[in-house]
Amino acid sequence: MTVDVDTFESNRAHLLRVGYRITGSRSDAEDAVQEAWLRFAAQDPATIDEPRAWLTTVVGRLCLDRLRSAAARRERYVGPWLPEPLVTTPADDDPLAEVVRDEGVRMAAMVVLERLTPPQRVALVLHEALDLPFARIAEVLDCSEATARQHASRARRIVADADVPPPASSAEQLAVLQAFADALARADTDGIVALLHPDVVLLADSDGRVSAARRPIVGPADVARLFLGLLRKYGDGLLADWEPILVNGEPGVRTPAVGTAPASVAVLSVTDGRIRAMYQVVNPDKL
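This report concerns the structure included in the present document. These numbers were taken from a predicted model, which means no experiment stands behind them. (Residues numbered from 1 in each chain as written. Predicted model: local features only at pLDDT ≥ 70, side-chain atom pairs only at ≥ 80, totals over all residues. Heavy atoms only, no water.)

Details of unusual backbone geometry
Phi at aspartate 207 is positive, roughly 55 degrees, even though this residue is not glycine. We classify aspartate 207 as partly exposed; its relative accessible area is 24%. (Buried < 20%, exposed > 50% of the residue type's maximum accessible area, 1.4 Å probe, protein only.)

Structure (structure tokens):
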């Protein structure tokens with residue numbers, strides 16, 4: 001007997017979502033899903049009662065291993081670390097487009113998951129987001145059911161304390177993004193500051209590969225100063241080549257390399273009509 005390929009394909013987007021939310025890496029998620037397929041194809045279908053749960057468990061285990069092996073690499077990472085951006089367009093209809101419809105993969109939500117230990121992250125994602133029972137999560141983590149519950153409970157407290165703002169509507173985000181670009185084009189310091197939340201933070205992920213801030217930039221004045229400095233350094237061409245895109249399901253922009261300015265993908269988190277956070281990925285390996 002052979003496994004049902006359609007069964008696997010019907011779960012591909014779900015498995016990619018699991019892998020990405022656990023690892024923050026599209027490539028790691030895709031590798032884990034491919035490995036899960038190979039294991040699934042080698043199984044006797046009669047031994048698998050619930051294919052979706054079986055596949056989710058396998059992907060969870062594979063991604064836990066990847067997350068643990070990545071911990072040491074991230075300790076050596078230069079500057080802030082951000083998840084690999086998932087760039088799509090409204091017309092996309094592939095599994096990745098399904099993945100980004102999940103609010104849990106918003107950049108703001110994914111960044112908070114970085115505060116969790118690997119077991120906490122796996123337990124939270126598998127239970128809260130995917131409703132996997134703790135008995136199954138314990139199998140993934142190779143621990144008791146009580147310990148799996150404890151990991152999830154601690155993860156929930158950490159996420160709750162992070163106070164991730166709810167997503168703004170796409171129309172509001174686009175309007176704020178356009179107003180921000182207009183203020184930048186005029187080098188209007190007051191206009192830029194007015195669009196920034198008092199607690200605004202900018203995170204630029206470069207791993208030291210290209211020129212970028214190597215620490216979080218906090219506060220409207222400092223964020224405005226940084227952007228105006230970039231315009232003076234790289235010129236107005238930086239704004240002329242902005243391309244509107246969807247980043248992890250939310251409006252963002254992509255800019256090509258212009259002169260010595262690196263290519264980048266950026267997305268905003270908007271609260272009450274003002275920018276609460278900016279996430280910019282310039283590490284070439286993530287683009």
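Next comes the rest of the description.
Topic: the nonpolar core
Of all hydrophobic cores here, the largest spans 44 residues; its most connected members are Ile22, Leu126 and Ile137. Every element with two or more residues in this core is listed here: helix H2 (12-23), helix H3 (26-42), helix H4 (51-75), helix H5 (95-99), helix H6 (107-113), helix H7 (118-129), helix H8 (134-141) and helix H9 (145-162). Excluding residues within four positions of it along the chain, isoleucine 22 makes contact with Gly60, Cys63, Leu64, Leu67, Arg121, Val122, Val125 and Leu126. In terms of nonpolar packing, the next biggest core, distinct from the first, is built from 26 residues, Leu184, Val253, Leu268 and Ile275 among them. (Core = buried A, V, L, I, M, F, W, Y, C linked by side-chain atoms within 4.5 Å. Helix = DSSP H or I, 4+ residues; strand = E, 2+ residues; numbered from the N terminus. Contact = heavy atoms within 4.5 Å.)

A few points about the packing of aromatic side chains
Evaluated as defined, the whole model comprises 5 aromatic pairs. Ring plane angle 50 degrees and centroid distance 6.4 Å describe the contact between tryptophan 37 and phenylalanine 40, whose orientation is recorded as tilted. Here phenylalanine 40 and tryptophan 37 lie together in helix H3, a separation of 3 residues that amounts to about one turn. Side by side, tryptophan 37 and phenylalanine 40 carry an identical accessibility label, which is buried. Relative to tryptophan 54, the ring of phenylalanine 40 lies with its centre 5.8 Å away and its plane at 45 degrees, an arrangement referred to as tilted. (Phe/Tyr/Trp six-rings, centres within 6.5 Å; stacked < 30°, edge-to-face > 60°.)

A closer look at the side chain of glutamine 120
Structurally, the position occupied by glutamine 120 is in helix H7. Of the residues examined, glutamine 120 reaches a relative accessible area of 9% and is grouped as buried. Reaching out from glutamine 120, the side chain makes a polar contact with the backbone nitrogen of threonine 117 at a distance of 3.1 Å. Discounting residues that sit within four places of it in the chain, glutamine 120 has contacts with His151, Arg154, Ala155 and Ile158. (Polar contact = N/O pair within 3.5 Å; in protein donor to acceptor, adjacent residues only side chain to side chain.)

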